[in-house]
Amino acid sequence: LKRVLDGLVIGFSLFTMVSVASRGGLLALVVGFVVLFLFSQSNRYNKIFIIIVSAGFIWWMYTSSFFELLTYRIAADDNGGSGRLEIWHSKLTTFFSEGNAFNYLFGMGFDNAMSLGTNVIKGTHNDFIAFLIEYGFVGLTLFLAILIAPVRLQKENKYFSCVLSLTLYLATCIFTLEPLTLGIMCYYIFYLYIYYFSQ
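First, a word on what this report is: a plain description of the structure on this page. (Residues numbered from 1 in each chain as written. Predicted model: local features only at pLDDT ≥ 70, side-chain atom pairs only at ≥ 80, totals over all residues. Heavy atoms only, no water.)

**So, the overall build of the protein**
Right, on to step 1. When helices and strands are tallied, the protein shows nine helices and zero strands.
Right, on to step 2. Counting from the amino terminus, helix and strand elements in the protein follow one another as α-α-α-α-α-α-α-α-α.
Right, on to step 3. Across the 199 residues in the protein, those meeting the buried criterion constitute 39%.
Right, on to step 4. Long-range pairs, those at least 24 residues apart, make up 69% of the contacts in the protein between residues at least 6 apart in sequence.
Right, on to step 5. Within the structure as shown, the protein displays about 12,100 Å² of accessible surface, and the carbon and sulfur contribution to it stands at 70%. (Helix = DSSP H or I, 4+ residues; strand = E, 2+ residues; numbered from the N terminus. Buried < 20%, exposed > 50% of the residue type's maximum accessible area, 1.4 Å probe, protein only. Contact = heavy atoms within 4.5 Å. Areas by Shrake-Rupley, 256 points an atom, 1.4 Å probe, with all protein chains shown as cover.)

**Structural notes on the nonpolar core**
Right, on to step 1. Phe128, Phe143, Leu170, Ile174, Phe190 and Ile194 are the most contacted members of the largest nonpolar core, which has 34 residues in total.
Right, on to step 2. At the level of elements, α2 (23-39), α5 (84-98), α7 (127-153), α8 (160-177) and α9 (185-197) are the ones that each hand at least two residues to this core.
Right, on to step 3. Residue contacts for Phe143: discarding those within four places in its chain leaves Phe128, Phe131, Ile174 and Leu180. (Core = buried A, V, L, I, M, F, W, Y, C linked by side-chain atoms within 4.5 Å.)

**Let's talk about α8**
Right, on to step 1. Given a rise of 1.5 Å per residue, 18 residues ought to cover 26 Å, and the 25 Å separating the end C-alpha atoms of α8 matches this to within 8%.
Right, on to step 2. In terms of burial, α8 is largely enclosed, as 14 of its 18 residues are buried.
Right, on to step 3. With its phi angle positive at about 55 degrees, Glu178 sits one or two positions after the end of α8. (Expected span 1.5 Å × (residues − 1).)

**Some points on the packing of α2 against helix α3 (residues 44-63)**
Each pair of packed helices can be summarised by the angle the axes make with each other and by the distance between the axes.
Right, on to step 1. It is the contact of α2 with α3, at a shortest axis distance of 11 Å, that shows an interaxial angle of 160 degrees. Comparing their axes, α3 and α2 come out roughly antiparallel. Like other packed secondary-structure pairs, α2 and α3 cross with a definite hand, here left-handed. Mapping the contact onto sequence places Phe33, Phe37 and Leu38 in α2 and Lys47, Ile50, Ile51 and Ser54 in α3.
Right, on to step 2. Tallied by class, the residues present in the contact of α2 with α3 amount to five nonpolar, one polar and one charged. (Axes fitted to C-alpha atoms, helices over the stretch in contact; angles between N-to-C directions. Parallel < 35°, antiparallel > 145°, perpendicular 65-115°, else oblique. Left-handed = near helix turned anticlockwise from the far one by under 90°. Nonpolar A, V, L, I, M, F, W, Y, C, P; charged D, E, K, R; others polar.)

**Quick notes on the state of the cysteines**
Put plainly, two cysteines are in a disulfide when a covalent bond ties their sulfur atoms together.
Right, on to step 1. Evaluated as defined, the whole model comprises zero disulfides.
Right, on to step 2. Cysteine Cys186 remains unbridged, with the sulfur of Cys173 as its closest cysteine sulfur at 9.1 Å. (Disulfide = S-S within 2.5 Å.)

**Structural notes on the side chain of Thr172**
Right, on to step 1. Relative to the helices and strands, Thr172 resides in helix α8.
Right, on to step 2. Residue Thr172 is classed as buried on the basis of its relative accessible area, which comes to 12%.
Right, on to step 3. If near-sequence neighbours (up to four positions away) are discounted, Thr172 is found in contact with Leu27, Ala28 and Val31.

**Concerning the packing of α8 against α9**
Right, on to step 1. Where α8 contacts α9, the axes come no closer than 9 Å and their chain directions differ by 160 degrees. When the axes of α8 and α9 are compared, the pair comes out roughly antiparallel. Handedness of the α8/α9 crossing: left-handed. Two secondary-structure elements touch here, α8 through Cys162, Val163, Leu166, Thr167, Tyr169, Leu170, Cys173 and Leu177 and α9 through Tyr187, Phe190, Tyr191, Tyr193, Ile194 and Phe197.

**With respect to the packing of aromatic side chains**
Right, on to step 1. Scanning all chains against the criterion turns up twelve aromatic pairs.
Right, on to step 2. When the ring of Phe102 is compared with that of Phe106, the centres are 5.2 Å apart and the planes differ by 50 degrees; the resulting orientation is tilted. One end of the pair, Phe102, and the other, Phe106, are both in helix α6 (residues 101-106), four residues apart, so they sit about a helical turn from each other.
Right, on to step 3. The class for Phe106 is partly exposed, based on a relative accessible area of 42%. (Phe/Tyr/Trp six-rings, centres within 6.5 Å; stacked < 30°, edge-to-face > 60°.)

**Side note on the environment of Val163**
Right, on to step 1. Relative to the elements of secondary structure, Val163 occurs in helix α8.
Right, on to step 2. The exposure class of Val163 is buried, given its relative accessible area of 0%.
Right, on to step 3. Note: C-alpha distance between Val163 and Tyr196 (33 residues apart in sequence) is 9.7 Å.

In structure tokens, the structure reads:
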């Protein structure tokens, strides 16, 4: 069952990434795959097979419209990750300049990261920053503890490489796409899947 679920997760991830040419999604996929490949206990022949399949997938992406769309999005971006760096700087600067000791510890409240630091209401494009602003260092620490809980449960078990890979995949999405504070349910389900995998 776990292998079937793994295949479905990877398949949906690839379909979504190709459909929208998401650079954050591509980065998350690469991080997850590299960690899985490096830490996996698979034998040499399985790893060679994985390299061949990956090379085929990369070639297919290069010859498809995905590569053109991805190239266009990268070329059109003259603002550091679609303006992410500017947004992060604005949010964090405002939080630390306008906040007080209570805010640093417990945050400015639910959904306040959305409008902080800009003239136009914008998301943070980074759940870690959103959690810091909304729930302070206490909330961010609790969030990180929950995020890495499956890895700690799997520390010495046979599925460690899979759980680590999936957790880092999710963490990369959280770092670039802000799925949790926007309430995108599939990412919560994905975390529950990782937790189930770690049992």
